[in-house]
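Given next are the chains, with one letter for each unit.
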Amino acid sequence: MAALLRALAGDRPEKTPVWFMRQAGRSLPEYRELRVGTRMLDACLTPDMAAEITLQPVRRHGVDAAIFFSDIVVPLRLAGVDVEIVPGKGPVFANPIRTAADVRKLCEIDPHDLDTEPIKQAVTAVVNELGDTPLIGFAGAPFTVAAYMIEGGPSKDHLRARAMMLTEPTLWHQLAAWLAEVARVFVSAQRDAGARAIQLFDSWAGSLSVNNYREHVAPHSRAALHDLGVGTIHFGVGTGGFLPDMTLGNTVDAVGVDWRTPLSEAAAVLGPNVTVQGNIDPALLAAPWPVLEQHVHDVLQQGRNARAHIVNLGHGVPPETNPDQLTRIVETVHAFHGENI
Ligand code: CP3
């Protein structure tokens with residue numbers, strides 16, 4: 001079985017599996033070349049292009065998994081929502097979702113009516129090329145996607161989303177439940193076409209208090225992921241204070257840890273029933289190789305405290321990263337057997 005799938009099942013293959021969030025993207029010259037003249041969401045919805053971009057980092061770095069090239073807002077575009085990805089900024093919505101009428105109108109769209117055909121075609125093309133290397137499918141978690149929709153675009157503290165949650169809890173739960181179903185439809189399409197694992201990105205969950213996370217967010221994320229029949233990974237930034245909650249009550253096989261929480265601490269609080277994923281500091285991708293190499297060894301060493309470990313970054317690859325650093329990380333991780341420190 002592929003190393004990534006073994007690690008998700010709680011096993012420790014001889015070579016620790018490694019992949020990178022945002023491995024498909026602007027750090028690769030072949031990506032930048034292919035994307036010239038095509039807008040981000042158009043690229044995501046052009047099956048040949050999405051498939052080729054997904055495969056690029058696998059060929060170049062020899063990572064243990066592909067991550068599907070798409071975006072957390074793609075299923076919203078498929079639902080007819082007016083959203084664009086503005087380069088250097090992120091998702092921007094023409095009509096932010098702020099009122100009860102906005103939420104009601106949105107929820108009239110049945111997530112099961114989404115045309116996921118371009119997603120399935122791209123995934124099928126990827127899986128045909130990948131051989132034994134697994135493809136990870138993904139979706140954005142309801143809170144992170146809602147944070148963009150309610151603000152209308154990127155924001156630092158997601159104040160409007162957090163305010164809606166507390167001042168209009170019924171409205172919030174209606175929106176979050178709809179987004180959970182949208183995420184479920186999106187990841188189910190990827191799974192049906194051959195994705196072997198699913199990662200849920202709740203990138204901005206760290207802006208929530210533990211209690212608000214537990215009450216207003218976790219049940220919706222769980223609804224997006226439960227009983228998918230493939231391995232699942234749940235990732236958030238700044239979630240070190242509530243990592244056990246990120247298991248969604250034993251729903252997920254692995255929890256992604258950002259660079260702030262030492263992996264040995266994460267392993268201790270998460271216990272023996274979950275795999276850890278992480279947590280190379282993306283800032284060190286710009287460091288001289290000996291500094292980065294030392295850090296990678298430290299992450300590997302700390303990961304031994306968990307039941308199993310998937311090496312990744314603590315967040316995505318910064319666009320200005322020299323891709324050779326990523327290739328060297330893969331080589332270093334694969335050469336590590338626990339004693340060569
Ligand atoms: O390689 C991969 O990880 C797979 C593809 C992927 C993308 N976005 C491609 C992308 C994945 C898994 C995502 C998820 C995503 N999208 C998240 C969660 C992960 C995270 O980073 O926290 C979020 C918050 C988004 C929303 C989003 N999309 C942002 C903030 C941006 C960056 C805008 C910018 O220009 O800096 C995007 C655009 C985006 N998504 C790019 C890529 C490769 C860059 C597009 C480009 O080439 O211009």
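Structure: see above.
None of the values given here were measured: they were computed from a predicted structure.

Reading the values: rules and limits
- Residues numbered from 1 in each chain as written.
- Predicted model: local features only at pLDDT ≥ 70, side-chain atom pairs only at ≥ 80, totals over all residues.
- Heavy atoms only, no water.
- Near = heavy atom within 4 Å.
- Polar contact = N/O pair within 3.5 Å; in protein donor to acceptor, adjacent residues only side chain to side chain.
- Areas by Shrake-Rupley, 256 points an atom, 1.4 Å probe, with all protein chains shown as cover.
- 1 Å grid on protein atoms, 1.4 Å probe; cavity = no way out; pocket = protein on both sides within 12 Å on 5 of 7 lines; lining within 4 Å.
- Sits in = over half its atoms within 2 Å of the grid points.
- Helix = DSSP H or I, 4+ residues; strand = E, 2+ residues; numbered from the N terminus.
- Buried < 20%, exposed > 50% of the residue type's maximum accessible area, 1.4 Å probe, protein only.
- Phe/Tyr/Trp six-rings, centres within 6.5 Å; stacked < 30°, edge-to-face > 60°.
- Points joined across faces, edges and corners; volume = space filled by probe spheres on them.
- Nonpolar A, V, L, I, M, F, W, Y, C, P; charged D, E, K, R; others polar.

1. Quick look at the site of the ligand
Thought 1: In the region of the ligand, 27 residues are neighbours, and Arg-22, Tyr-31, Gly-88, Ser-203 and His-315 sit closest.
Thought 2: One of the side-chain nitrogen or oxygen atoms of Arg-26 is found 2.8 Å away from an oxygen atom of the ligand.
Thought 3: Against a free-state accessible area of 870 Å², the protein chains account for coverage of 91% of the ligand.
Thought 4: Assessed atom by atom at 2 Å from the grid points, the ligand resides in the largest pocket.
Thought 5: Elements with a minimum of two residues in the shell around the ligand: helix H2 (29–35) and strand E3 (90–93).

2. Let's talk about unusual backbone geometry
One can expect most non-glycine residues to show negative phi and most peptide bonds to be in trans.
Thought 1: The step from Gly-278 to Asn-279 runs through a cis peptide bond, and the omega angle for that step is -20°.
Thought 2: With phi around 55°, Asp-227 is a residue other than glycine that occupies positive phi space.
Thought 3: Secondary-structure assignment places Asp-227 in the loop between helix H11 (210–225) and strand E6 (231–236).
Thought 4: At Asn-250, a position not held by glycine, the phi torsion is positive, near 65°.
Thought 5: For Asn-250, the location among the structural elements is in the loop between E6 and strand E7 (254–256).
Thought 6: Classification of Asn-250 by relative accessible area gives exposed; the value is 62%.

3. Regarding the packing of aromatic side chains
Thought 1: Inspection of the entire model under this criterion finds six aromatic pairs.
Thought 2: When the ring of Phe-138 is compared with that of Phe-186, the centres are 6.1 Å apart and the planes differ by 85°; the resulting orientation is edge-to-face. You can see Phe-138 sitting in strand E4 (residues 135–140) and its partner Phe-186 sitting in helix H10 (residues 169–192), a full 48 residues away along the chain.
Thought 3: In this structure Phe-186 comes out as buried when scored by relative accessible area, which is 1%.
Thought 4: Note on Phe-201 and Phe-235: the rings are 6.1 Å apart at their centroids and 75° apart in plane angle, and the pair reads as edge-to-face.

4. Focus on the layout of surface pockets
Thought 1: Its boundaries defined by the atoms lining it, the largest pocket holds a volume of some 1200 Å³.
Thought 2: In terms of lining, the largest pocket is formed by 40 residues, of which the most central are Arg-22, Arg-26, Met-40, Asp-71 and Gly-90.
Thought 3: If you list the elements that add at least two residues to the lining of the largest pocket, you get H2, strand E2 (83–86), E3 and helix H8 (142–151).
Thought 4: Tallying contributions element by element places E2 first for the lining of the largest pocket, with three residues.
Thought 5: Of the residues that constitute the lining of the largest pocket, the class distribution is 20 nonpolar, twelve polar and eight charged.

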